[in-house]
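The residues making up each chain are set out below.
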Amino acid sequence: RLTVEAAALKSGVSKPTIYRHWANAQELAMAALIARPLPDTPRGDTGSARDALTHHLRDLIAAFATTRGRQVALTLAAADAKSELAKAFRNRVILASREAGRTILGRAIAGGELAALPDLDTTLDMIYGAVFYRLLAAHRPLDPDLAGAIVATVWRAP
């Protein structure tokens, strides 16, 4: 029921200002549901890529380990996969996170910190799939230790 017009009126900014940050009302709603900004870029180019990926995943996990993060998960679980809300989540969270991971892993491979991966996209699926699986299935806690376990597994991969 959120409209860009209503958000502009309530916030006191123009519709073009809102559209500069969000493509549609669904992306705006997704942003409103997420308590903290999600990490969409790696933390600089310094230090090890392994540490950068661990920090990136910890930030992502922290954002979803909150009450609001669980609300996002419940909202998505109830949404049609082809809905604008689901598309907004894919674009603003999943794809943005994957691109951050792709950047970090690319840096690790280029710097010799990590061996070339046979299939980078599958590796990214495994990394982010583990986080979102725990978020949506709730079979195990979504805790910061998961980030270290995922990264350790990727770094041990042949």
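Here the structure is a predicted model, which means the values were calculated and not measured. (Residues numbered from 1 in each chain as written. Predicted model: local features only at pLDDT ≥ 70, side-chain atom pairs only at ≥ 80, totals over all residues. Heavy atoms only, no water.)

## Comments concerning the overall build of the protein chain
Note the following rule: Per the convention used, a helix needs a DSSP run of H or I reaching at least four residues, while a strand needs a run of E reaching at least two, with both numbered from the N terminus. Two residues qualify as a contact provided that any one of their heavy atoms is within 4.5 Å of a heavy atom in the partner residue. Here the open area of atoms and residues is found with the Shrake-Rupley method and a 1.4 Å probe, where only the protein chains shown may cover a residue.
The secondary structure content of the protein chain amounts to 8 helices and 0 strands. For the protein chain, restricting intrachain contacts to residue pairs at least 6 apart in sequence, the fraction spanning at least 24 positions comes to 64%. Accessible surface computed for the protein chain: about 9,000 Å², of which carbon and sulfur atoms make up 57%.

## What to know about the nonpolar core
For the record, the criterion: We define the nonpolar core as a collection of buried residues of types Ala, Val, Leu, Ile, Met, Phe, Trp, Tyr and Cys that are connected through side-chain atoms lying within 4.5 Å of one another. Buried residues are those whose accessible area, probed at 1.4 Å on protein chains only, stays under 20% of the maximum for their type, while exposed residues exceed 50% and partly exposed ones sit between those limits.
Among the nonpolar cores identified, the biggest contains 30 residues, and Leu53, Leu57, Phe64, Leu105 and Trp155 are the most heavily contacted of them. Per element, the largest residue contribution to this core is 7 residues, and it comes from helix H4 (residues 49–64). If near-sequence neighbours (up to four positions away) are discounted, Leu105 is found in contact with Leu53, Leu114, Leu117, Leu120, Thr123, Leu124, Ile127, Val154 and Trp155. The next biggest cluster of nonpolar side chains, apart from the first, holds 6 residues, and it includes Val4, Ala8, Ile18 and Ala25.

## Here we look at the packing of helix H7 (residues 120–137) against helix H8 (residues 145–156)
Operational definition: In this analysis, axes come from line fits to C-alpha atoms, helices being fitted only over the stretch in contact, and the angle between any two N-to-C directions falls in the range 0 to 180 degrees. Under this scheme an angle from 65 to 115 degrees is roughly perpendicular, one under 35 degrees roughly parallel, and one over 145 degrees roughly antiparallel; angles in between are oblique. The sense of a crossing depends on the near helix, which, turned anticlockwise from the far helix by less than a right angle, makes the crossing left-handed and, turned clockwise, makes it right-handed.
Contact geometry of H7 with H8 gives a least axis separation of 11 Å together with a crossing angle of 160 degrees. The angle between H7 and H8 falls in the class roughly antiparallel. Crossing of H7 against H8: the hand is right-handed. Contacts from Thr123, Ile127, Ala130, Val131 and Arg134 of H7 reach H8 at Leu146, Ile150 and Val154.

## Notes on the pattern of salt bridges
The test is simple: Take a side-chain nitrogen of Lys or Arg and a carboxyl oxygen of Asp or Glu: if they are within 4 Å of each other, that pair is a salt bridge.
Taken as a whole and assessed by the stated rule, the structure comprises 5 salt bridges. For the salt bridge of Arg98 with Asp121, the shortest nitrogen-to-oxygen distance reads 3.1 Å. Residue Arg98 is found in helix H6 (residues 84–110), and its partner Asp121 is found in helix H7; the two are separated by 23 residues along the sequence. In this structure, Asp121 engages Arg102 in a salt bridge whose closest nitrogen and oxygen atoms are separated by 2.6 Å. Taken together, the positions of Asp121 in helix H7 and Arg102 in helix H6 put the pair 19 residues apart, joining distant regions of the chain. Classification of Asp121 by relative accessible area gives partly exposed; the value is 36%. A relative accessible area of 26% means that Arg102 is categorised as partly exposed. Each member of the salt-bridge network shares a partner with another, and the members are Arg98, Glu99, Arg102, Asp121 and Asp125.

## Some points on unusual backbone geometry
Negative phi values dominate among residues other than glycine, just as trans dominates among peptide bonds. Phi is positive for Ala138, which is not a glycine, with a value near 55 degrees. Examined against the element boundaries, Ala138 turns out to sit in the loop between H7 and H8. Judged by relative accessible area, which is 59%, Ala138 ranks as exposed.

## Considering the packing of helix H5 (residues 67–78) against H6
This is how it is decided: The nonpolar class holds Ala, Val, Leu, Ile, Met, Phe, Trp, Tyr, Cys and Pro. Asp, Glu, Lys and Arg form the charged class, and all remaining residues, Gly among them, are polar.
Packing of H5 against H6 brings their axes to within 9 Å, and their N-to-C directions diverge by 130 degrees. Taken together, the axes of H5 and H6 are oblique relative to one another. The two elements H5 and H6 cross, and the hand of that crossing is left-handed. Residue-level inspection shows Val72, Thr75 and Leu76 of H5 in contact with H6, the latter providing Leu85, Ala86 and Phe89. A per-class count over the contact of H5 with H6 returns 5 nonpolar, 1 polar and no charged.

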